[in-house]
Amino acid sequence: MTVSGPARSPDRPLLHLDDLHTSFAQGAIVAVEGIDLRVGAGESVGLVGESGCGKSAAAKSILRLHDPRNTRIGPGRILFEGRDLLQLSDEGMRKIRGREIAMIFQDPMTALDPVMTVGDQIAECLDAHERLSATARKARILELMKLVGIPSPATRMRCYPHQFSGGMRQRIMIAIALSCRPKLILADEITTALDVTLQAQVLELIRSLRDSMQLATIMITHDLGVVAGMTDRVYVMYAGQIVETAATDDLFARPAMPYTWGLLRSAPDLEAPVVERMVPIEGMPPSLADPPSGCRFAPRCPYGREICERAAPPLAPNPVSGPEHAARCWGTQQVKGGGWLIGHDWRAPNSDTPTSGKAGTNA
Amino acid sequence: MRNFYVRRVLTALVVLFIVSVISFFIAFVLPGDTATAMLGEEGGLDPERYAYLREQLGLNKPLVVRYFEWVGGVLTGDFGVSLRTNEPIGPALLRRLGPTMQLAMMAMVFAVCVAIPVGVVAAVNSRTWVDTAGTLLALTGIAIPAFWLGIMLMLFFAVWLKWLPPSGYVPIWENPLESIRLMIMPAIALASGLMGVIIRQVRAAMLDVLTEDFITAARSKGITERQVILRHGLRNSLLPVVTIIGLQMGHVMAGAAALEVVFSIPGLGRLAVDSIFFRDFTMIQAIMLLFAFIVLLSSFVTDMVYARLDPRIRYD
Ligand SMILES: Nc1ncnc2c1ncn2[C@@H]1O[C@H](COP(=O)(O)OP(=O)(O)O)[C@@H](O)[C@H]1O
Ligand SMILES: [Mg+2]
């Protein structure tokens, strides 16, 4: 590891992705490229980026859920409580799944087995890791269903997924994830498939469970609004790389680089009434099979300069905030030809397009 | 649920009606009638005997009247008498049903027991030599004519190796072991096509299901890969497979006829073949009706099994 992330880290983080790489199709698609991400015990971290940036690929790498036949995880390390998960056997990994690290998936409509009762699906995780008597097992299932707010669990446990609404199914997914009291939960776009009211309810549920059970969470989302009151720190991901990371408050107060600004402008329910709501970033993320050679965001960046297309910027501390705030952007780095975005207010109109004729997106 | 069954029974009745009409009238579009058939080649030359027989058999009455007389008989369990043997058709059918059902059931069991594991293993190892071998087995099973496979099996296991008796039939309640030994080769031959179809169906369904989110989610709980594949993958893949098996029942019954001939099994299929050669119209009509009934019954059973397997299905 040459470029280090933010210096702030608990003594030994619960999870530490150390320069993690994940590639598909014999290395032709590098979906995760040198990610450095730390989660402390009980800490909540956000992983944010547009769709297709490699967030799910990174999360699934942690639990080794990719098809091994076309996926390569590495180089890099996935340190969980100091142990490298990549060195574990399949059986060793199985024991981590569900018990140490659990995952909640995006679409509650498709992530539950349609032909198995929800009670059995909750029990399945328990049975995989614990030996329980039939009564204790049933008591646990009921307790879990009650915990996530499913009414009359004793009858509902015998129902099938299609008999539940989307919000209730997501609660069941949460109950499954919690069933073995894991230390870390990977929540991958868990509110994306839900409508706004249900989103708020599910987030509130996650927040309260997290606080009462001292769970560490990685909230994966494309929506900075979800991350806002939910996380301690945020990693912004773009095209397989971390492009900005900071404490959540700091990120919202002083977002450093244009991609994060774009995400802020496109977040649907940000509290501050800034510029026009929900301005999507123009263009599409690059193909991970053939990313741009310089800064990966340069082709879409309204603030770009000559250096951006020539060289790829490192993830370096942002001079305006503390060392824990880092960004992968020449505009924020005091190097020759860089640094023009230091102190730039992202809400201000973009007057800074000397080299390109691109219009500002926040006009 | 009840609505569904009422509707199913009504449809079945309509189908049975149509089959009964077709099977009844088909006798009259074929050259020659029952009387010529009974008199044989030389007897047909005697016009007096011919006229007498027609009168006796009621062949002079209008067709529609005769149709309703026949249906009326069938509804009260009276299928008439065989033109060939002169014995009542009902008991004859019943006697012939046993061997055919035993053959069909054993073939089903063989086909399912081989095809499901092969299909699952092929899908789990897709695009490897294991998968290729599975596909080859499936295509071979589908492509090889059952009667030819039957003859080959007979040559190999009965004539050369002398492991199994070559042909014949013993009721299962008289000598279970011998009955099964006699039925092994024809059942395997009959199973081959069905096995091929099921292998392909299981493999395709399994490949489909294994890409579903709930498979990844199941894996993320820390259950073993075996549990992921059998409990979640296979159970979901069986839904389309059950349908295919139900639909294949007709083919299996039809295929049974050839094997009953090859292996001298006194079943329905052989009876049908013999009756057709003899123009035993009353018997042919009854057999067609019985076949239609069996196929309808099996599709009915299929739907019930399907409903049991898939909680999302609520017939109403
Ligand atoms: N199994 C796979 N095989 C090939 N490419 C994949 C696979 N899974 C994901 N990808 C590719 O990796 C990229 C990142 O995907 P993903 O991690 O799902 O993005 P995100 O979760 O950020 O929306 C996408 O371009 C996607 O097409
Ligand atoms: Mg995703």
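All values reported here derive from a predicted model rather than from experimental measurement.

1. Considerations on the UniProt feature "domain: ABC transmembrane type-1" (unreviewed entry) in chain B
The positions UniProt marks with the feature "domain: ABC transmembrane type-1" (unreviewed entry) are residues 97-302 of chain B. Taken end to end, residues 97-302 of chain B is 83% helix and 0% strand, and its first and last C-alpha atoms sit 21 Å apart.

2. What about the interface of chain B and chain A?
Facing 22 residues of chain B, the contacting portion of chain A comprises 26 residues. At the boundary of chain B with chain A, total buried surface from both sides reaches about 2,100 Å², with 58% on carbon and sulfur atoms. The largest per-residue losses of area from chain B upon contact with chain A belong to Ser 220, Lys 221 and Pro 311 of chain B, which jointly make up 29% of the total buried on that side. Summed over the shared surface of chain B and chain A, the result is two salt bridges. Residue Glu 124 of chain A pairs with Lys 221 of chain B through a salt bridge whose shortest N-O separation is 2.8 Å. Counting every contact that joins chain B to chain A gives 13 residue pairs in polar contact (both at pLDDT 80 or more). Within the residue set of the side of chain B that touches chain A, elements represented by two or more residues are helix H9 (213-219) and helix H10 (225-262) of chain B.

3. Thoughts on the UniProt feature "domain: ABC transporter" (unreviewed entry) in chain A
UniProt's feature table lists "domain: ABC transporter" (unreviewed entry) at residues 15-264 of chain A, given in the numbering used throughout. What you have in residues 15-264 of chain A is 38% helix and 25% strand, and the ends, taken at the C-alpha atoms, are 27 Å apart.

4. A few points about the sheet that holds strand S12 (residues 316-317) of chain A
Residues and elements named next belong to chain A. Ordered in space as S7-S8-S9-S3-S10-S11-S13-S12, the eight strands form an open sheet in which the pairing is mixed. Each end of this open sheet is capped by a strand with a single partner; those strands are strand S7 (101-104) and S12. Where S12 and strand S13 (residues 326-327) come together, two bridges link them in antiparallel fashion. Bridge assignment links Pro 317 to a residue of S13, and that residue is Ala 326. The strands touched by helix H6 (residues 166-178) within the sheet are S7 and strand S8 (184-188), with S7 carrying the most contacts at an inclination of about 170°. The strands touched by helix H10 (residues 258-266) within the sheet are strand S3 (44-48), strand S10 (233-238) and strand S11 (241-247), with S10 carrying the most contacts at an inclination of about 105°.

Rules used in this analysis
- Residues numbered from 1 in each chain as written.
- Chains lettered and ligands numbered in written order.
- Predicted model: local features only at pLDDT ≥ 70, side-chain atom pairs only at ≥ 80, totals over all residues.
- Heavy atoms only, no water.
- UniProt positions renumbered as here; feature names shortened; annotations may be inferred.
- Helix = DSSP H or I, 4+ residues; strand = E, 2+ residues; numbered from the N terminus.
- Contact = heavy atoms within 4.5 Å.
- Buried area = accessible area lost by both parts, 1.4 Å probe.
- Salt bridge = Lys/Arg side-chain N within 4 Å of Asp/Glu carboxyl O.
- Polar contact = N/O pair within 3.5 Å; in protein donor to acceptor, adjacent residues only side chain to side chain.
- Pairing = 2+ DSSP bridges.
- Axes fitted to C-alpha atoms, helices over the stretch in contact; angles between N-to-C directions.

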